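# Commentary on secondary and tertiary structure
Residues per chain, in single letters:
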Amino acid sequence: MTAFKDIGARLFSAAAALAAAIICMSGVTDVSAQTNEEKRRDESRAAFRAKSVVLTESATGQVLYSQNPDEKLPIASVTKIMTLLIAAEEMKAGRLSFEDTVVASYHAFSMDGSVIWLNEGEQMSVYDICRSVVISSANDACVALGEHIAGSEDEFVKRMNKRASELDMANTHFVNCTGLDADNHFSSASDVAKMAAELRKYDYYDEFLLTRLTYVREGTGRETQLLNTNRLLGYDGITGLKTGTTDNAGYCFTATAKRGDMELVAVVLGAETDDGRFEIAEALLDYGFNGFELFSPEFDPEELTDINVDEGVLRTISVCAESGLCCLIPKGKSSSVTYLYNIKPTVKAPVASGDSVGKIIVLLDDDTLFIAKVTAKESSEKLTFFKSFEFVWKGLFDF
């Protein structure tokens, strides 16, 4: 698809304004001693003051903007998206339930950073464990969840890497389930967008993702506050998702928002400031919602009339066009979409249902959006002498 070749330039202009404001607040970096490679990286990051960003649409995977999208980087607690994805898939498969009880191990108890202070041997429902991971990014709860599913964190991490491979996350390798800094633990903005889009197929965490403040262990004397650090909870259409901060990763954020049928995923890795990651994500989401709309082709039924079958038992067969096609196009451009129908008027028997009988090229201006297959809806055998005789015989004795 090539209909979006001017997107980068347009978003660059908008992003430059934001970058300028951030630079004014944070000061300009002295690059006099930088190597050529460092200068090249800084120049490529001129649009946003972050190491890597990407904006995609969830259902189609379409990339609307990217900046160093495939660079391998530490991603801090954004890692927990994969932990939550595997837990959601376990719930869908019936192997995990919010009503299940998790027993905290010493390893879970030993976690530092953001925690809910699980004690070794403490029991907590999967519901409260998941709330703690989603809302408060609790590392001890995250490890306890992984151990409950796979037996140990190491085994759970193997599951995480296997799932990453299945999602074609080629620039990802997990060492732990929390995102705490560790050698050889990395991902990329493009890969994070993929696992975030996959997680958004499930609604198990919808309530948690939009909860700003709540508590676990209420009424036990060990009440623990869960505070959501997502500052875009008031954004129009926000559906989640996950923040993350460590010394190595810097400030990271993955935001998802949905308006109508379109859900966008904005990933920010290695932002220079806490405020900056939210400002960048908001700018990306604004750009996507303000500039694009979902488009599905509508084919002319008069162009999809029956076609002739040469030497067939059936003289004509009906056809159908490929369905379920969808993409994003610039807003207001649907009237510029054109269709080129290339369908065979006649095919030679035998024809099987599903056989290709043509195609429809869908264009936006001069750029191809889709090449839709046109296939036979019916089958038609070849009309042989014996098949003709069979029809005559049946006709004589079919009263």
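Preceding this section is the structure that the text describes.
In this report, the structure presented in the accompanying data block is examined.

### A word on the packing of aromatic side chains
Tallied over the entire structure, the rule returns eleven aromatic pairs. A centroid spacing of 6.1 Å and a plane angle of 15° characterise the contact between Tyr-202 and Tyr-204, whose relative ring orientation is stacked. By relative accessible area, Tyr-202 is classed as buried at 15%. A centroid spacing of 5.9 Å and a plane angle of 80° characterise the contact between Phe-299 and Tyr-339, whose relative ring orientation is edge-to-face. Remark: Tyr-339 occurs in strand β15 (residues 337-343) and Phe-299 occurs in the loop between β10 (292-295) and β11 (307-310); sequence separation between them is 40 residues. Given the relative accessible area of 18%, Phe-299 is considered buried. Tyr-339 gets classed as partly exposed once you look at its relative accessible area, which sits at 24%. Here the basic side chain of Arg-259 rests over the ring of Phe-289, its NZ or CZ set 4.3 Å away from the ring centre.

### Things to note about the sheet that holds strand β9 (residues 262-271)
With antiparallel pairing, the five strands of this open sheet are ordered in space as β2-β1-β9-β8-β7. In this open sheet, the two edge strands, each paired with only one partner strand, are β2 (63-67) and β7 (238-246). Across this sheet, the average inter-strand angle for adjacent strands is 5°, counted without regard to direction. Here strand β8 (residues 250-259) runs beside β9; their pairing, made up of eight bridges, is antiparallel. In the strand pairing of β9, Arg-259 is matched with Met-262.

### Focus: the side chain of Asn-176
Examined against the element boundaries, Asn-176 turns out to sit in the loop between α7 (153-166) and α8 (189-199). Within the local environment of Asn-176, its side chain forms a polar contact with the backbone nitrogen of Gly-179, the two atoms lying 2.7 Å apart. Here Leu-180 takes part through its backbone oxygen, which lies 3.0 Å from a polar atom of the side chain of Asn-176. Apart from the residues lying within four places of it in its own chain, the contact partners of Asn-176 are Thr-79, Glu-153, Val-157, Met-160, Ala-182 and His-185.

### Overview of the nonpolar core
With 62 residues, the main nonpolar core has Met-82, Phe-174, Met-195 and Tyr-205 as its most contacted residues. Looking at this core, the elements that each hand over two or more residues are α3 (80-92), α5 (126-136), α6 (139-150), α7, α8, α9 (206-209) and β9. The element that contributes the greatest number of residues to this core is α3, accounting for eight residues. Among the nonpolar cores identified, the runner-up in size contains 27 residues, and Ala-47, Ala-255, Ala-257 and Ala-281 belong to it.

### Digging into the sheet that holds β11
Ordered in space as β12-β11-β16, the three strands form an open sheet in which the pairing is mixed. Taken across any chain shown, the strands that pair with only one partner, and hence form the sheet edges, are β12 (316-317) and β16 (346-348). Sheet analysis places β11 next to β12, joined by two bridges and oriented antiparallel. Bridge pairing in β12 links Asn-308 to Thr-316.

Rules of the game
Residues numbered from 1 in each chain as written. Predicted model: local features only at pLDDT ≥ 70, side-chain atom pairs only at ≥ 80, totals over all residues. Heavy atoms only, no water. Phe/Tyr/Trp six-rings, centres within 6.5 Å; stacked < 30°, edge-to-face > 60°. Buried < 20%, exposed > 50% of the residue type's maximum accessible area, 1.4 Å probe, protein only. Helix = DSSP H or I, 4+ residues; strand = E, 2+ residues; numbered from the N terminus. Lys NZ or Arg CZ within 6 Å of the ring centre and 35° of its normal. Pairing = 2+ DSSP bridges. Axes fitted to C-alpha atoms, helices over the stretch in contact; angles between N-to-C directions. Polar contact = N/O pair within 3.5 Å; in protein donor to acceptor, adjacent residues only side chain to side chain. Contact = heavy atoms within 4.5 Å. Core = buried A, V, L, I, M, F, W, Y, C linked by side-chain atoms within 4.5 Å.

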